[in-house]
Amino acid sequence: SDRYDTFQEVLQDADPFNFMLTKVRGIPDKFNNKLAVNIKDILAVSMGNLVESAQFNYMHDIPWLMQQYPPEHRSKPLLIVHGEDRQGKISLHEAAHNFPNVTLCQAKLDMLYGTHHSKMMLLIYTNGLRVVIHTANLVEQDWDQKTQGVWISPLFPKLEEGELSLDGITADSVTHFKRDLVEYLSMYKSISLMRWKKHILQHDFTSARVFLIASIPGRHTNDAKSKWGHMKVRKILSKQGPDSAMVRNWSAIGQFSSVGSLGADQTKYLCGEWLQSMLSSRGVSTQYASRDVSTKTLKLIFPTIDNVRTSLEGYKAGASIPYNIQNARRQEYFHTFLHKWKASNRGRSRASPHLKSYSLLSPDSKKAAWFMVTSANMSKAAWGMLEKNSSQLMIRSYEIGVLFLPHLFDENCKQFSVSEEEKSESYLHFPLPWDVPLEPYTKTVSSVVFSLKNKI
Ligand SMILES: CNc1ccc(C(=O)O)c(C(=O)O)c1
C-alpha cells in the first residue's frame with residue numbers, strides 16, 4: 001500500500017537505499033507519502049531521543065530551524081557549521097544569541113570564491129547516531145515546493161567501551177564510510193568538530209552501504225588527490241564501479257541547480273576531466289578522447305525557462321537556479337548537452353529542482369550502473385580541477401554526497417533497474433528523482449534559465 005501511518009513505516013519502505021525526496025506542498029498526497037520526508041519527520045521524537053545535533057549548511061535561518069525540532073528537543077545542544085564571515089557571521093551570531101543551546105562553527109574558506117555548501121545533519125540519540133546528507137538549505141522555502149534529495153543513514157549503534165580502539169577506525173563498513181566521514185570532519189581543524197569526530201568513532205558504522213563523496217577546499221596532492229571531489233569518484237568507480245565492457249556506450253547523467261564557468265570548450269574540463277571521472281569503470285576503460293564525446297555520452301539536466309515559469313513557485317524559483325548570463329555566453333557548447341527537468345513519476349515536474357544528482361544510464365534508459373546525490377553543482381569549485389599537469393586537485397568549496405553502487409546492496413547485482421514500467425524481480429529497483437528517458441532542450445541558449453538576478 002502507499003499509505004503509511006508513521007514516518008517509521010515510510011523509512012522502512014525506503015530500505016535499503018534510504019534515498020528520499022522532500023515533501024512538496026501542493027502535489028497529490030501519494031507523492032508525499034512514499035519515499036518522501038520533511039525536516040520535522042527527520043527531527044521527530046519517533047526517530048530517537050535526541051541528545052545533541054549538528055547542522056552543516058550554506059544558509060541557516062536559526063529561528064525557523066529551531067521550530068523544526070520538536071519542543072522536547074529545542075533545548076538540546078545544537079552546533080551550526082557554516083561558512084559565513086564578516087556581516088553574515090555577525091547576523092548569524094545575533095540570531096543564535098536568543099538560543100543558549102546553539103553554538104556556531106565557522107568553516108575556514110581559504111580558497112577565493114569557495115562556499116560551505118555541504119548540507120548534513122549529525123544526530124546523537126541515547127541509543128545511537130544517525131547521519132543525514134541532503135541538498136536543502138535550512139530556510140523555509142528550500143523545504144516547501146522544491147525537489148530536494150535526502151539520504152538518511154541507518155541508526156548506527158553506540159559501541160561498547162571495550163570495542164573502542166585507541167588508534168585506527170573500528171566498526172567501519174566495506175565502503176569505509178566511517179573512515180571517510182572522520183577524515184572529512186578532521187579537515188575543518190575545528191575544536192567543536194573534534195568532539196563530533198569522537199562521537200563518530202564511538203559508533204558502529206558497519207551497516208553503511210554508501211560511499212562518501214565529499215569536497216574540501218584546498219590543493220590536494222599525492223594520495224589526497226583521490227580523497228575528494230571528482231577524483232574520489234574516479235578512484236571508487238575504477239576499483240568497484242561497473243565493468244568497462246558492460247557500460248561502454250552508457251551515458252553519464254548530471255543534474256544540478258547551478259552552473260560554474262567550465263572553460264572555453266568541452267574538451268578542457270567538462271569532457272576532458274570531469275566526464276572522465278564519471279565514466280570511470282573497472283577494467284580496460286576506453287579513455288574517452290574528449291573531442292569525440294557525443295551528447296550521447298553525457299546528458300545534463302537543468303531547468304528551462306518554462307520549467308521555472310510554470311513551477312509551483314513561479315519565476316521566483318529562478319533565484320535558486322543561478323546561471324550567470326556572461327558565463328552562459330562563454331560556454332554555448334554546454335547547452336548542447338542540456339535536457340529539461342521532468343519528474344512526473346515523483347509528481348515533481350513543477351517542483352523546481354534544487355537537489356544535485358548524477359548517474360550512469362544504459363542507452364535504453366532502463367538501467368543505472370550507479371547513482372549519486374550530493375550538494376555539488378556542475379562547477380570546478382565543487383568537483384575540483386586538476387592543476388600542474390594533473391599533480392594536484394584544486395577545490396574551492398565544501399561539498400558532501402553519497403554514491404550508491406548495486407553490488408553493495410546485492411552482491412549478485414551489477415545494475416539498478418530504473419524503469420518505472422519494468423520493475424523486474426531480478427534487479428534492484430532504484431527510485432530516480434527524474435523521469436527517464438530524458439528530453440533534450442528544443443532550442444539553445446534562449447531556453448537556458450537565467451536567474452532572476454539577470455532579469456531585474
Ligand atoms: C553561491 N551560493 C550558492 C550557489 C548555489 C547553490 C545551490 O545549491 O544551487 C547554493 C545553495 O543553495 O546551497 C548556494
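Looking at this structure, I do not really get the sheet that holds strand E9 (residues 149-152). What am I missing?
In spatial order, the strands read E2-E1-E9-E7-E6-E3-E4-E5; together these eight strands make up an open sheet with mixed pairing. What marks the edges here is a single partner per strand, and that holds for strand E2 (36-37) and strand E5 (102-106). In the sheet, strand E7 (residues 128-134) pairs with E9 via three bridges, with the strands oriented antiparallel. Bridge pairing in E9 links isoleucine 133 to tryptophan 151.

Honestly, the layout of surface pockets in this entry has me stumped. Any pointers?
With a probe scaled to a water molecule rolled over the atoms, the places where space remains empty come into view. In this structure, the largest pocket occupies an estimated 1,100 Å³ of space. In terms of residues, the lining of the largest pocket owes the most to one element, helix H12 (residues 380-383), which gives three residues. Its residues placed into classes, the lining of the largest pocket shows 12 nonpolar, 15 polar and 12 charged. Of the volumes computed, that of the second largest pocket is approximately 430 Å³. What lines the second largest pocket is a set of 19 residues, among which Lys34, Leu35, Arg346, Lys423 and Pro431 lie closest to the centre. Breaking the lining of the second largest pocket down by element, the ones donating at least two residues are helix H1 (7-14) and helix H2 (30-33). Here the residues of the lining of the second largest pocket sort into eight nonpolar, two polar and nine charged.

Would you mind showing me how to read the nonpolar core here?
Here is a general trend for soluble globular proteins: nonpolar side chains tend to be buried in one another's company. Of all hydrophobic cores here, the largest spans 103 residues; its most connected members are Val131, Phe177, Tyr184, Leu270, Phe334, Trp383 and Phe404. At six residues, the largest contribution of residues to this core is made by strand E17 (residues 367-374). Listed in part, the 34 residues of the second largest apolar core include Met20, Leu50, Trp64 and Leu65.

Reading guide: rules and limits
- Residues numbered from 1 in each chain as written.
- Predicted model: local features only at pLDDT ≥ 70, side-chain atom pairs only at ≥ 80, totals over all residues.
- Heavy atoms only, no water.
- Pairing = 2+ DSSP bridges.
- Helix = DSSP H or I, 4+ residues; strand = E, 2+ residues; numbered from the N terminus.
- 1 Å grid on protein atoms, 1.4 Å probe; cavity = no way out; pocket = protein on both sides within 12 Å on 5 of 7 lines; lining within 4 Å.
- Points joined across faces, edges and corners; volume = space filled by probe spheres on them.
- Nonpolar A, V, L, I, M, F, W, Y, C, P; charged D, E, K, R; others polar.
- Core = buried A, V, L, I, M, F, W, Y, C linked by side-chain atoms within 4.5 Å.
- Buried < 20%, exposed > 50% of the residue type's maximum accessible area, 1.4 Å probe, protein only.

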